[in-house]
Amino acid sequence: MSYKIGLVGKPSVGKSSFFNAATMNDVPEGAYPFTTIDPSVGEAYVGVDCAAPEFDEECEPNHGFCDDDTRFVPVQLVDVAGLIPGAHEGKGLGNQFLTDLNEADVLVHVVDFSGETDIEGEPTEGHDPREDVDFLEDELDQWYLGVLEKGIEKFESMYQGPNPGDEIGVEHVLAEQLSAFRTNKDEIKRVVLSLDLELDPETWDADDRFALAREMRKRTKPMVIAANKMDTPAAKENYEEITSDPEYDHLTIVPTSAHAEKSLKKAAESGVVDYRQGEADFDVVGDVSDEQAAGLEAIREFVAEFDGTGVQQAIETALFEELDAKVVFPGSASGDWSKGPFRDCFVLPGDATAEDFAYHLHSDIGDGFLHGIDCRSRRQVGADTELEHRAVLEVVTTG
Ligand SMILES: Nc1nc2c(ncn2[C@@H]2O[C@H](COP(=O)(O)OP(=O)(O)OP(=O)(O)O)[C@@H](O)[C@H]2O)c(=O)[nH]1
């Protein structure tokens, strides 16, 4: 099972261009991307430094591929259609949209920073991209608020038992109601207290309820803004303005040109350039017309200024920074790579332990877990030890 990154945005912001660019990969022979019959799901990759060279090995990836010591690990990119005003009330694709959003582990919100599409996705000029950012956040907050209100109603109608001490804590009821958002009672309790609220919904006014819904949404729907169309002057101006606006400090904004990424990948496919996704430069290696050369030079300036086209960066930031995921390589401490060196590389939650990793490999391996061995230091690792990003671990089992 790979991680799911949900791509969301109103019409005409460049969501399709982003999706196509991110999933248009020149995968080398022998790498088998998953097959899908759903055109809104594609395979993208997150790049990490491959661990194999540290062990003087050449990796043989089962999934994804390795290019010049960067290991590209597959993730699913899901094009979530249907962001329109009122989605939380079931308008348009409303409920389906929310269900699809919920299946994603983390979101990339594609926003047209050029200001050339209005809130409905129609052409315009001078539209403030902040409205789009607020609009998605508000849709999500209203949705959370609706679910939260139901939980509060349930709690208030519950019989609390005749004796003091029999009461059911509100966090239990809310945790059940909000379970689809992958939260739990401890988190809810922490958020309630962090907002200086009492654990008693009778004392919460409308603002308190909204604040709670918003805070729960922020914690459980990590998201990155892909500031798209950054190749236009208007987008650069908007970007400067928004990134220096303290109201938007809570957001991670990645300057992006889906166009540039698509052009580079196409040029690479036809052998005109040598380009590796995520890189801030490329080489022209084929014949190009003057017009193509000028286009490529404009892209070169862009990727130099923004350290890449932003497509790969947005996906990697979403997974590794917003979601705080990490990768772990199964390894051999004794250097026995007879089954193929560094075949696998798994994406795991940031707090995954050695035992979690064992269970990720197989439930039998998890059940039989004795200890792990850190293949770099050859030190023994206990079940509860949190693994580092790019750990190389051998699991020793009873079996
Ligand atoms: N300048 C510029 N234009 C872009 C970029 N990405 C997309 N566009 C343009 O924006 C318009 C919309 O792009 P699409 O990729 O079709 O947008 P979408 O959000 O998927 O739109 P719908 O399919 O209508 O939902 C097209 O005219 C694209 O050429 C970009 O990075 N820079």
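Residues numbered from 1 in each chain as written. Predicted model: local features only at pLDDT ≥ 70, side-chain atom pairs only at ≥ 80, totals over all residues.

The chain is annotated in an unreviewed UniProt entry as Redox-regulated ATPase YchF from Halorarum halophilum.

Q: Any chance you could explain the sheet that holds strand E12 (residues 369-374) here in plain terms?
A: Strand pairing within a sheet occurs via backbone hydrogen bonds; the two strands may be parallel or antiparallel. Read across the open sheet, the 5 strands follow the order E11-E10-E14-E12-E13; overall the sheet is mixed. Two strands bound the open sheet, and with one partner strand each, they are strand E11 (346-348) and strand E13 (380-381). Of the pairings in the sheet, the one linking E12 to strand E14 (residues 391-397) comprises 5 bridges and is antiparallel in character. The residue bridging Phe369 from the neighbouring strand is Thr397, located in E14. Contacts from helix H11 (residues 354-361) reach strand E10 (326-330), E11, E12, E13 and E14 within the one sheet, and its direction differs from that of E14 by about 75°. (Pairing = 2+ DSSP bridges. Helix = DSSP H or I, 4+ residues; strand = E, 2+ residues; numbered from the N terminus. Contact = placed C-beta atoms within 7 Å. Axes fitted to C-alpha atoms, helices over the stretch in contact; angles between N-to-C directions.)

Q: Please clarify how the confidence of the model for the chain should be interpreted in this entry.
A: Interpretation of the predicted coordinates at a detailed level should be avoided for regions scoring low in pLDDT. Put simply, the chain has an average pLDDT of 92, and 94% of its residues get 70 or more. Both scores are given for the predicted complex: the pTM is 0.92, the ipTM 0.97. (pLDDT = per-residue confidence, 0-100.)

Q: Would you explain the site of the ligand in this entry?
A: Around the ligand sit 15 residues, and of these Gly14, Lys15, Ser16, Ser17 and His259 come closest. Among the secondary structure elements, those contributing two or more residues to the shell around the ligand are helix H1 (15-23) and helix H8 (258-269). Top contributing element to the shell around the ligand by residue count: H1, with 3 residues. Residue composition of the shell around the ligand, grouped by class: 3 nonpolar, 9 polar and 3 charged. (Near = placed C-beta within 6 Å. Nonpolar A, V, L, I, M, F, W, Y, C, P; charged D, E, K, R; others polar.)

Q: Explain the domain arrangement of the chain here, please?
A: Many analyses report the size of an interface as the accessible area lost when the parts associate. In terms of domains, the chain is made up of domain 1 (4-126 + 222-321), domain 2 (138-216) and domain 3 (325-397). When each unit is reduced to the centre of its C-alpha atoms, the spacing between domain 1 and domain 2 is 36 Å. In the side of domain 1 that touches domain 2, the residues fall into 2 nonpolar, 2 polar and no charged. (Domains from an automatic or database assignment.)

Q: Looking at this structure, how should I read unusual backbone geometry?
A: Its identity as a non-glycine residue notwithstanding, Lys229 has a phi of 65°, on the positive side. Note on placement: Lys229 falls in the loop between strand E6 (223-228) and helix H7 (233-243). Although it is not a glycine, Arg390 adopts a positive phi angle of roughly 70°. Turning to its location among the elements, Arg390 is positioned in the loop between E13 and E14. With 17 C-beta atoms packed within 10 Å, Arg390 lands in the partly exposed category. (Buried ≥ 20, exposed ≤ 12 C-beta atoms within 10 Å, placed from the backbone.)

Q: What is the right way to read the packing of helix H3 (residues 129-156) against helix H4 (residues 170-177) from this model?
A: If you want to describe how two helices pack, look at the angle between their axes and the distance between the axes. Two elements in contact, H3 and H4, have axes separated by 9 Å at closest approach and are oriented at 135°. On the basis of the axis angle, H3 is oblique to H4. Here H3 and H4 pass one another in a crossing that is right-handed. Along its contact with H3, which presents Val147, Leu148, Lys150, Gly151, Lys154 and Phe155, the element H4 presents Val170, Val173, Leu174 and Gln177. Split into classes, the residues belonging to the contact of H3 with H4 amount to 6 nonpolar, 2 polar and 2 charged. (Parallel < 35°, antiparallel > 145°, perpendicular 65-115°, else oblique. Left-handed = near helix turned anticlockwise from the far one by under 90°.)

Q: Sorry if this is basic, but what is going on with the pairing of E12 here?
A: Within a regular beta strand, the side chains point alternately toward one face of the sheet and then the other, so they alternate between its two faces. For E12 and E13, the ladder comprises 2 bridges, and the chain directions are antiparallel. Looking at E13, one finds that Gly372 is bridged to Val381. Counting the residues in the hairpin turn of E12 and E13 gives 5 residues, including Arg378, whose phi is positive at 60°.

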